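Read off the chains here:
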Amino acid sequence: MIYQIYPRSFADASGDGIGDLAGITARLDSLAALGVDAIWLSPFYTSPQKDAGYDVADFTDVDPLFGTLADFDRMLERAHDLGLRVIVDIVPNHTSDAHAWFQAARASAPGSPERARYIVRDGRGPEGELPPNNWESVFGGPAWTRLDTTDGSPGQWYLHLFDSSQPDLDWTNEEVRAEFDRILRFWLDRGVDGFRVDVAHGLAKHPDLPDFVISEDIDSMGAAQMGHPAWAQQGVHEIWRRWRSVVDEYDGDRILTAEAWVEPLSEMAAWVRPDEMHQAFNFPYLMTPWDADAVRTVIDDSLAAFASVGAPSTWVLSNHDVIRHPSRLALTVPSPQGHGIGPDSPGLPDPAVAQMRGRAATLLMLALPGSAYLFQGEELGLPEVLDIPADRREDPTFHRTGGERYGRDGCRVPLPWEADAPAFGFSPSGESWLPQPGWWGEYARDRQEGDRESSLELYRAALAARREHGLASASLSWETTDGDVLIARVGDVMVVCNLSTSPVDLPAGEVIAASERLDDSLPPNAAAWLLTT
Ligand code: NOJ
């Protein structure tokens, strides 16, 4: 099980209100106690933080906000001492506009080698005043920004699939490929156990950069736009084969995990063929609504698709880009990925239903064979935070859409560790880069420790049982293949998840984990694991 740390929001040792590497190091023992096998850290590299660190200005250094390379080494050593493997994020689709390469591209002439590292083109229209094509940024607005010129000639345009501060690199350029080989080796030499590869479906673009006829807004990081000339182009695969050969030069089980918003799952499986990446996030699973048929189908499709290439299936419900899953699974009006929810959103979740569904969904997920990914704070049962004032929101999505989309800040609020400490234990100074709601302390880790009905203890018990019963490498078979109650056997454990609206009788057996207090029946929005005879 891999646990995602979002460094800005995990633990702040320096007191500036932004989490840091020393804060992570100090709190790692709580992750070992939870039963985590590996941690994945979102970016902590030098960055102007226009997209919370996914705008990298130097891929081989630590931003002073997060500490130093020596702090990184200490964190790595402590993690390894605790038996935790460490996966770092790598962001190859784009750099920050503050990266030395982009600064050089800005200052250089059209057609120069400096510009050739990025996707820079002349504009359309008589004066080149129109963008080269009609692509839109994932964060809203056009995907092209015009470069200034100093000599009065018409400025060229650069592509940015995300924010204008994140110019896309040109991966047909060997210089770009070689630079990323170097970056991979830099971190592998330091001892990391692998990489989570950002926007792994975006590096190769259709060579003609043709217009795309847009039927609806781009969402799901491009997944809803299969066939879009920016996403899921076949050219990515040779890049992954090259990266795999770099990673394979190193000892131990170093892994590459793809962030690839690709559908269907049979297509995503191509990212994890034996000579490409090791794992890919299962976003179709994450996007599945609370509906028994849909959940059963996505589980079957996942197991079949990943098995077809000999890779483990993965499972994920939450991360730093989506509405936290308890809230999301209880929305009565769906919200497209990345749009977020706020106080005025339609179909807001009933908090009690959200809490139950969140726990049940987790218990179902942790029974499934393969690799599970957790996002920091989900073990505390945190819901999405809705009431963040506009002037405190930082996600570029919010600002690029004039507030029409709330964006992703609601899942990124710094964690509550101790109910009665400043910033709920997040920061000794009481500072917090996103405001923590007053009720955050109810979810604090210290309030939940030892309380058998708490979310924390549910996660701990489920992770321990998952390990004890070898569920990650067991096989799954359904006991029922229709109806609103999912019942499956995974190894020697029977998992039952009630997605109907009435209680159901539980099969006879010993309950070893349950998302709700049980009598003889399993309430709606609940799940249980049993040992049956
Ligand atoms: C995916 C990351 O998870 C997200 O947070 C980021 O905004 C985009 N890639 C751009 O790097």
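For the structure itself, consult the block above.
Residues numbered from 1 in each chain as written. Predicted model: local features only at pLDDT ≥ 70, side-chain atom pairs only at ≥ 80, totals over all residues. Heavy atoms only, no water.

## Some thoughts on the packing of helix α5 (residues 174-190) against helix α6 (residues 236-248)
Phase 1: Contact geometry for α5 and α6: axes closest at 10 Å, N-to-C directions at 35 degrees. Our pair here, α5 against α6, has a crossing hand that is right-handed. Counting all contacts with α5, which are made through Glu-174, Arg-177, Ala-178, Phe-180, Asp-181, Leu-184, Arg-185 and Leu-188, the residues of α6 involved are Glu-238, Ile-239, Arg-242, Trp-243, Val-246 and Val-247.
Phase 2: Classifying every residue of the contact of α5 with α6 gives eight nonpolar, no polar and six charged. (Axes fitted to C-alpha atoms, helices over the stretch in contact; angles between N-to-C directions. Helix = DSSP H or I, 4+ residues; strand = E, 2+ residues; numbered from the N terminus. Left-handed = near helix turned anticlockwise from the far one by under 90°. Contact = heavy atoms within 4.5 Å. Nonpolar A, V, L, I, M, F, W, Y, C, P; charged D, E, K, R; others polar.)

## Points about the site of the ligand
Phase 1: Inspection of the region around the ligand gives 14 residues, with Asp-51, Asp-198, His-320, Asp-321 and Arg-408 positioned closest.
Phase 2: In the model, an oxygen atom of the ligand is placed 2.6 Å from a nitrogen or oxygen of the Asp-51 side chain.
Phase 3: Between the ligand and the protein, one listed contact pairs an oxygen atom with a side-chain N or O atom of Asp-198 at 2.7 Å.
Phase 4: Relative to its unbound accessible surface of 290 Å², the ligand loses 100% to contact with the protein. (Near = heavy atom within 4 Å. Polar contact = N/O pair within 3.5 Å; in protein donor to acceptor, adjacent residues only side chain to side chain. Areas by Shrake-Rupley, 256 points an atom, 1.4 Å probe, with all protein chains shown as cover.)

## Looking at the sheet that holds strand β7 (residues 144-146)
Phase 1: What the three strands build is an open sheet, ordered β6-β8-β7; its pairing is antiparallel. Among the strands making up the open sheet, the edge pair consists of β6 (120-121) and β7.
Phase 2: One ladder, built from two bridges, connects β6 with strand β8 (residues 157-159); its direction is antiparallel. Bridge pairing links Arg-121 to Trp-157 in β8. (Pairing = 2+ DSSP bridges.)

## Digging into the side chain of Ser-455
Phase 1: Tracing the backbone shows Ser-455 in helix α14 (residues 455-468).
Phase 2: If we skip the residues at most four places from it in the chain, Ser-455 touches Arg-359, Glu-378, Glu-379, Leu-380, Gly-381 and Gln-448.

## What about unusual backbone geometry?
Phase 1: With omega at -5 degrees, the peptide bond leading from Glu-263 into Pro-264 counts as cis.
Phase 2: We note that Asn-525 has phi near 60 degrees; this positive angle belongs to a residue other than glycine.
Phase 3: Along the chain, Asn-525 falls in the loop between β19 (521-522) and β20 (526-531).
Phase 4: Owing to a relative accessible area of 11%, Asn-525 belongs among the buried residues under this scheme. (Buried < 20%, exposed > 50% of the residue type's maximum accessible area, 1.4 Å probe, protein only.)

## Some details on the packing of aromatic side chains
Phase 1: Counting across every chain of the model gives 24 aromatic pairs.
Phase 2: Between Trp-439 and Tyr-443 the ring centres are 5.9 Å apart and the planes differ by 65 degrees, which places this aromatic pair in the edge-to-face class.
Phase 3: For Trp-439, a relative accessible area of 30% corresponds to the partly exposed category.
Phase 4: Among the residues examined, Tyr-443 registers a relative accessible area of 19% and is labelled buried. (Phe/Tyr/Trp six-rings, centres within 6.5 Å; stacked < 30°, edge-to-face > 60°.)

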